[in-house]
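The residues making up each chain are set out below.
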Amino acid sequence: MVAAAAATVGSAVAARDLALQWVEHTILQALERAARDGRFGLHYQPTYDLATRLPVGAEALMRLPGAGGVRLDPEDVIAIAERSGWIQPLGRRLLERSFREWTGRGGTLSINVSRSELHRPGYALELLIARPAAISLELEITETSAAPLAGVARANLEQLRRHGVTIALDDVGEGHNHLRLAAEFPCDRLKISRRLVSRIGRGRTGEALVRTILGLAGARGLPVTAEGIESEGQALWLRAHGCTTGQGYLFARPAPLAQLPLAA
Ligand code: C2E
Ligand code: CA
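Residues numbered from 1 in each chain as written. Chains lettered and ligands numbered in written order. Predicted model: local features only at pLDDT ≥ 70, side-chain atom pairs only at ≥ 80, totals over all residues. Heavy atoms only, no water.

**Brief notes about the packing of helix α5 (residues 123-130) against helix α7 (residues 151-162)**
Step number 1: Orientation of α5 relative to α7, taken along the N-to-C sense of each, is 25 degrees, at an axis distance of 8 Å. Here α5 is positioned roughly parallel relative to α7, judged by the angle of their axes. When α5 is examined against α7, the residues Tyr123, Ala124, Leu125, Leu127 and Leu128 are found in contact with a partner set consisting of Asn156, Gln159 and Leu160.
Step number 2: Tallied by class, the residues present in the contact of α5 with α7 amount to 6 nonpolar, 2 polar and no charged. (Axes fitted to C-alpha atoms, helices over the stretch in contact; angles between N-to-C directions. Helix = DSSP H or I, 4+ residues; strand = E, 2+ residues; numbered from the N terminus. Parallel < 35°, antiparallel > 145°, perpendicular 65-115°, else oblique. Contact = heavy atoms within 4.5 Å. Nonpolar A, V, L, I, M, F, W, Y, C, P; charged D, E, K, R; others polar.)

Right, here's the structure in full:
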């Protein structure tokens, strides 16, 4: 009986491992196509001023199609791209494409930066050379990408900020050190995580955490953007508590630039 149960568990684990290997293989193939030939999609999710409800910019989000047009999860894609090294050529292509597409538009373009990009010597310089002067650019950096902020990563960030690129600390509300980072990380904006925003209206603990982050930002004089706003109640609560801008399905889902309600 025990042996039979162990065999069943064993084969379930083997099947799961096989499925994971297949997903990784599929993603690696898609990454190679994307990095070599630029075959990837680029969606943008607008950010809105919570008082006027007008768009003030947009965040570029990569979309990688798998075989047969299957949609691959961007978080898995980025994790595997980091591990395999494809993130470097892919990140470059993504920057070039988004700069090209955003040129001529008002508002701020936001780009997510991965850990290995931030820690690569010369990353800041390359980006500054590629950036068209007229584009207002913000880089989004998560705790995992940033910490510990030292050496090359710190030098890259300082160089970028000296040249007018602003830095947003992404996904605040996640990670072990998020409150310390929200209080100390050298940046120009905090972005409250989608998971935390989803707790607004669902009890005092989540709301107290959001208030703490807004309080820290207020003390530092930093603006805050809330991610993943899905309801009018969340938008009103956030605005009433000092959050100035937000993104989320309430306003707009990520989509190709041409399909978005943004001023050209
Ligand atoms: P993120 O930076 O936290 O991006 C926000 C994610 O929340 C996006 O998922 C977006 O589609 C999703 N989202 C926005 N509003 C809502 C909402 O109201 N409800 C729900 N349920 N979801 C919402 P996505 O596009 O799947 O991206 C996942 C993550 O992958 C991103 O998280 C980012 O960390 C990473 N990523 C995406 N594109 C890039 C990229 O070009 N470079 C790097 N380094 N990372 C990227
Ligand atoms: Ca982001």
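**A short note on the coordination of the calcium ion (ligand 2)**
Step number 1: Here the calcium ion (ligand 2) is held by the protein donor atoms Glu59 (OE), Asn112 (OD1), Glu140 (OE) and Asp170 (OD), which lie 2.1 to 2.4 Å from it.
Step number 2: Taken in sequence order, the residues that donate to the calcium ion (ligand 2) follow the motif E-x52-N-x27-E-x29-D. Here Asn112 is found in strand β3 (residues 108-112), whereas its partner Glu140 is found in strand β4 (residues 136-141), with 28 residues between them in sequence.
Step number 3: The exposure class of Asn112 is partly exposed, given its relative accessible area of 29%.
Step number 4: Glu140 sits in the buried class, given a relative accessible area of 2%. (Donors = N, O, S within 2.8 Å, 3.2 Å for Na, K, Ca; no water. Buried < 20%, exposed > 50% of the residue type's maximum accessible area, 1.4 Å probe, protein only.)

**Here's the deal with the site of ligand 1**
Step number 1: Around ligand 1 sit 23 residues in total, of which Gln45, Arg63, Arg194, Glu230 and Tyr249 are the nearest.
Step number 2: Between Gln45 and ligand 1, the recorded distance is 3.0 Å, taken from a side-chain N or O atom to a nitrogen atom.
Step number 3: In this structure, Glu230 approaches ligand 1 through a side-chain N or O atom, which is 2.5 Å from a nitrogen atom.
Step number 4: When ligand 1 sits alone it has 800 Å² of accessible area, and the protein chains cover 87% of it.
Step number 5: The pocket occupied by ligand 1, as judged from atoms lying within 2 Å of grid points, is the largest pocket. (Near = heavy atom within 4 Å. Polar contact = N/O pair within 3.5 Å; in protein donor to acceptor, adjacent residues only side chain to side chain. Areas by Shrake-Rupley, 256 points an atom, 1.4 Å probe, with all protein chains shown as cover. 1 Å grid on protein atoms, 1.4 Å probe; cavity = no way out; pocket = protein on both sides within 12 Å on 5 of 7 lines; lining within 4 Å. Sits in = over half its atoms within 2 Å of the grid points.)

**Quick notes on the pattern of salt bridges**
Step number 1: Tallying each qualifying case throughout the model produces 14 salt bridges.
Step number 2: Of the charged contacts in the structure, one is a salt bridge between Arg92 and Glu126, with a shortest N-O distance of 3.0 Å. With Arg92 in helix α3 (residues 87-102) and Glu126 in helix α5, this residue pair connects regions lying 34 residues apart in the sequence.
Step number 3: Among the residues examined, Arg92 registers a relative accessible area of 34% and is labelled partly exposed.
Step number 4: For Glu126, a relative accessible area of 33% translates into the label partly exposed.
Step number 5: The partner of Arg161 in a salt bridge is Asp188, and the shortest N-O contact between them spans 2.9 Å. With Arg161 in helix α7 and Asp188 in the loop between α8 (178-184) and β6 (189-192), the pair connects residues that are 27 residues apart, well separated along the chain.
Step number 6: By relative accessible area, Arg161 is classed as partly exposed at 31%.
Step number 7: The partly exposed category is assigned to Asp188, whose relative accessible area is 25%.
Step number 8: What emerges from the salt-bridge pattern is a single network uniting Glu59, Glu140, Lys191 and Glu227. (Salt bridge = Lys/Arg side-chain N within 4 Å of Asp/Glu carboxyl O.)

**A short note on the nonpolar core**
Step number 1: Counting residues in hydrophobic clusters, the biggest one holds 71 residues, and the most contacted among them are Tyr44, Leu109, Leu137, Leu139, Phe185, Leu190 and Leu238.
Step number 2: With 6 residues, the single largest contributor to this core is α3.
Step number 3: Here Leu137 is in contact with Phe99, Thr108, Leu109, Ile111, Leu127, Arg131, Gly164, Val165 and Thr166, once residues within four sequence places are set aside. (Core = buried A, V, L, I, M, F, W, Y, C linked by side-chain atoms within 4.5 Å.)

**Regarding the sheet that holds β6**
Step number 1: A barrel is described by the order of its strands in space; here 8 strands give the closed sequence β1-β2-β3-β4-β5-β6-β7-β8, paired in mixed fashion.
Step number 2: Pairing geometry for strand β7 (residues 224-226) and strand β8 (residues 245-246), over 2 bridges, is parallel. When the sheet's bridge partners are listed, Ala226 is paired in β8 with Gly246. (Pairing = 2+ DSSP bridges.)

**Quick notes on the packing of aromatic side chains**
Step number 1: In this structure the tally under the stated criterion is 2 aromatic pairs.
Step number 2: Arg97 extends its terminal NZ or CZ atom over the ring of Phe40, reaching a point 4.2 Å from the ring centre. (Phe/Tyr/Trp six-rings, centres within 6.5 Å; stacked < 30°, edge-to-face > 60°. Lys NZ or Arg CZ within 6 Å of the ring centre and 35° of its normal.)

**Some points on helix α10 (residues 204-220)**
Step number 1: With 17 residues, α10 should reach 24 Å at 1.5 Å per residue; the first-to-last C-alpha distance of 24 Å fits that figure.
Step number 2: For α10, the full list of buried residues reads Gly206, Glu207, Val210, Ile213, Leu214 and Ala217. Axial view of α10: buried residues confined to an arc of 120 degrees, hence all on one face. Turned more than 90 degrees away from the buried face of α10, the exposed residues are Arg204, Thr205 and Ala219.
Step number 3: Here the buried face of α10 lies against β5 (166-172), α8, β6, α9 (194-197), β7 and α11 (232-240).
Step number 4: Downstream of α10 by a residue or two, Gly221 has a phi angle that is positive, lying close to 75 degrees. (Expected span 1.5 Å × (residues − 1). Arc of directions from axis to C-beta.)

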